[in-house]
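The chain contents come next:
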Amino acid sequence: MDGFLQYWQMLVRSDDSLPLFEAALSIAQDEYPQLSMPEVLARVDGFALALRRRVSKLRQPIARVDALREHFVYNLGFRGNANDFHDPENSYLNRVIERRIGIPISLSVLYLELAEQAGVPACGVGFPGHFLVRHDLAGRVVIVDVYAGASVLSHDDLEYRLLPYASSDREEASRLLASVLPAASARQILGRMLRNLRAIHRECGDLRRLHAVQRRLALLGETQAR
C-alpha cells in the first residue's frame, strides 16, 4: 500500500474521530501527488478566522447562519460550476479552493468545515441527486443549497425537488421529505464523493483514475466494517 493510501486509511479508520475536510482533501492526492495538505488546511483556517471574528459579534443563531452564507458566497466567492458539472476537478478540494467553483458536495464539505470552525452548528444532508446542508436552530431547521449561492430552501422547494423521486406525486414527495433530511455521517459523505468520481472515470473509460478511486472506496468500506 502506498503512502497516500496509508494516510487515507489512518484518516478514515474511526467514525468517532474522522476529520471530514482533511479526508475529503486527501482524495485529491491521487491526482495531485505534490499537494501540500498543510498549506491548504492553513488556507482554510484563514477563511474561517475572518468568519469567526464576525460571528462572535452575533447573538442570534439565524444571524450567524446568514453571516456564514454571505461569507462563503460574497467574501470568498464560491459558486457552483454549472458550465462543466462533471469535471473531476470539481471533486478535488484543492482545485475547488483555487478556482472557487465546485459541485454541491465539494462546496458543502468546505462550507461545513468553515461552519465547524466558526461554531455554527451544521450537518450535511444526502438529499437525492443534490447534496445539501442543514442548520438546526432553536425551533427551526434551515436547509441550505450551498451550490446555488448558499440559498435557503423552503419546504415547498424541497418537496418540488423530490417530485422526480415520487412519480411526480406531491403528496408522496411530502411523505418522503422527512426520510431524506437526516444528517449524513462523514463516512457517508466521503463515500458519495468517491462514487461521484467513480462514475465520471467509468464514463470516460479512465481506468487508472477509476482504480485509484476504487482502492479508496474499498478501504473506506473495510474500515467501516471493523
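Everything numeric in this text was worked out from a predicted model, so none of it was measured.

Quick notes on the pairing of strand β5 (residues 140-145)
Sheet topology note: the strand β4 (residues 132-137)/β5 ladder contains five bridges and is antiparallel. Bridging across to β5, Asp-136 finds its partner in Val-141. Counted along the chain from β5 to the antiparallel partner strand β6 (residues 151-153), the turn is five residues long, and its residue Gly-149 has a positive phi close to 70°.

A look at the nonpolar core
Counting 61 residues, the largest nonpolar core has Trp-8, Phe-72, Phe-78, Leu-114 and Leu-190 as its most contacted members. For this core, the element with the highest residue contribution is helix α6 (residues 104-118), accounting for nine residues. Setting aside residues up to four positions removed in sequence, Leu-114 forms contacts with Val-44, Phe-47, Ala-48, Leu-51, Leu-68, Phe-72 and Leu-76. In this structure, Phe-127, Leu-132, Leu-163 and Leu-177 belong to the second largest nonpolar core, which totals 13 residues.

Brief notes about the packing of helix α3 (residues 37-55) against helix α4 (residues 61-75)
Helix packing for two helices is described by the angle between their axes and how far apart those axes are. Direction vectors running N to C along α3 and α4 enclose 145°, while the axes themselves pass 10 Å from each other. At the point where α3 passes α4, the crossing takes the right-handed sense. Contact residues: Phe-47, Ala-50, Leu-51, Arg-54 and Val-55 in α3; Arg-64, Ala-67, Leu-68, Glu-70, His-71 and Asn-75 in α4. Counted by class, the contact of α3 with α4 contains six nonpolar, two polar and three charged residues.

Comments concerning the packing of helix α7 (residues 155-162) against helix α8 (residues 170-177)
For the pair α7 and α8, interaxial distance at closest approach is 8 Å and the crossing angle is 110°. Here α7 lies roughly perpendicular to α8, going by the angle between them. In this structure, α7 uses His-155, Asp-156, Leu-158, Glu-159 and Leu-162 to contact α8, whose residues at the interface are Arg-170, Ala-173, Ser-174, Leu-176 and Leu-177. Taken together, the residues of the contact of α7 with α8 sort by class into five nonpolar, two polar and three charged.

Here's the deal with the sheet that holds β6
The sheet built from four strands is open, its strands ordered β3-β4-β5-β6 with antiparallel pairing. One side of each edge strand has no neighbouring strand; the edge strands of this open sheet are β3 (123-125) and β6. Strand-to-strand twist across the sheet, computed as the mean angle between neighbouring axes with direction ignored, equals 40°. Bridge analysis of β3 against β4 gives three bridges, and the strand direction is antiparallel. From the neighbouring strand, Gly-124 faces β4, where its bridge partner is Val-133. Where α7 meets the sheet, it contacts β4, β5 and β6, and its direction lies at approximately 80° from that of β6.

Comments concerning helix α9 (residues 186-204)
Think of an α-helix as 3.6 residues a turn; residues three or four steps apart then line up on the same face. Spanning 19 residues, α9 covers 28 Å between terminal C-alpha atoms, matching the ideal 27 Å at 1.5 Å per step. Listed as buried for α9 are Arg-187, Ile-189, Leu-190, Gly-191, Arg-192, Met-193, Leu-194, Leu-197, Ile-200 and His-201. Gly-205 lies just past α9 and shows a positive phi near 70°.

Some words on the pattern of salt bridges
Applying the stated criterion to the full structure yields 16 salt bridges. Measuring nitrogen to oxygen at the nearest pair gives 2.6 Å for the salt bridge that ties Asp-15 to Arg-187. Of this pair, Asp-15 sits in the loop between α1 (3-11) and α2 (20-26) while Arg-187 is found in helix α9, placing the two residues 172 residues apart along the sequence. A relative accessible area of 5% places Arg-187 in the buried class. One network of salt bridges, with partners in common, ties together Glu-31, Asp-206, Arg-208 and Arg-209.

A look at the packing of aromatic side chains
Going through the model one piece at a time under the given rule, you end up with five aromatic pairs. For the pair Phe-72 and Phe-78, a centre-to-centre distance of 4.9 Å together with 25° between the ring planes defines the contact as stacked. For the pair Phe-72 and Phe-78, a shared accessibility class is recorded, and that class is buried. Considering the side-chain rings of Phe-72 and Tyr-111, the 5.5 Å spacing of their centres and the 75° angle between planes classify their relative orientation as edge-to-face. You can see Phe-72 sitting in helix α4 and its partner Tyr-111 sitting in helix α6, a full 39 residues away along the chain. Residues Phe-72 and Tyr-111 agree in their burial class; the two are buried.

What counts, and at which threshold
Numbering of residues starts from 1 in each chain and follows the order in which that chain's sequence is written. Predicted model: local features are reported for residues with pLDDT of at least 70 only, side-chain atom pairs are reported and counted for 80 or more only, and whole-chain, interface and lining totals are derived from all residues. As a convention, hydrogens and water are excluded, and side-chain values are obtained from all of the structure's heavy atoms. Pairs of strands are assigned from DSSP output, requiring at least two bridges between the strands. In this text, helices come from DSSP runs of H or I with a minimum length of four residues, and strands from runs of E with a minimum of two, each type numbered from the N-terminal end. Nine residue types can take part in a nonpolar core, namely buried Ala, Val, Leu, Ile, Met, Phe, Trp, Tyr and Cys, and a core is a set of them joined through side-chain atoms within 4.5 Å. With a 1.4 Å probe rolled over the protein chains alone, any residue whose accessible area is under 20% of its type maximum counts as buried; one over 50% counts as exposed, and the rest are partly exposed. The contact criterion used throughout is that any non-hydrogen atoms of two residues lie within 4.5 Å. Lines are fitted to the C-alpha atoms to define the axes, a helix being fitted only along its stretch in contact, and any angle between axes, read from their N-to-C directions, falls within 0 to 180 degrees. Put simply, a crossing is left-handed when the front helix is turned counterclockwise from the back one by less than a right angle, and right-handed when it is turned clockwise. In this count, Pro and Cys sit with the nonpolar residues alongside Ala, Val, Leu, Ile, Met, Phe, Trp and Tyr, while Asp, Glu, Lys and Arg are called charged and the others, Gly among them, polar. Orientation is classified from the angle alone, with under 35 degrees giving roughly parallel, over 145 giving roughly antiparallel, 65 to 115 giving roughly perpendicular, and any other angle giving oblique. Each helix should span, by expectation, one fewer than its residue count multiplied by 1.5 Å. Salt bridge, as used here, is a side-chain nitrogen of Lys or Arg placed within 4 Å of a carboxyl oxygen of Asp or Glu. Whether two aromatic rings pair depends on their centres lying within 6.5 Å, for rings of Phe, Tyr and Trp, where Trp uses its six-membered ring; planes under 30 degrees apart make the pair stacked, over 60 edge-to-face, and the rest tilted.

By themselves, these figures tell us nothing about what the structure is for.
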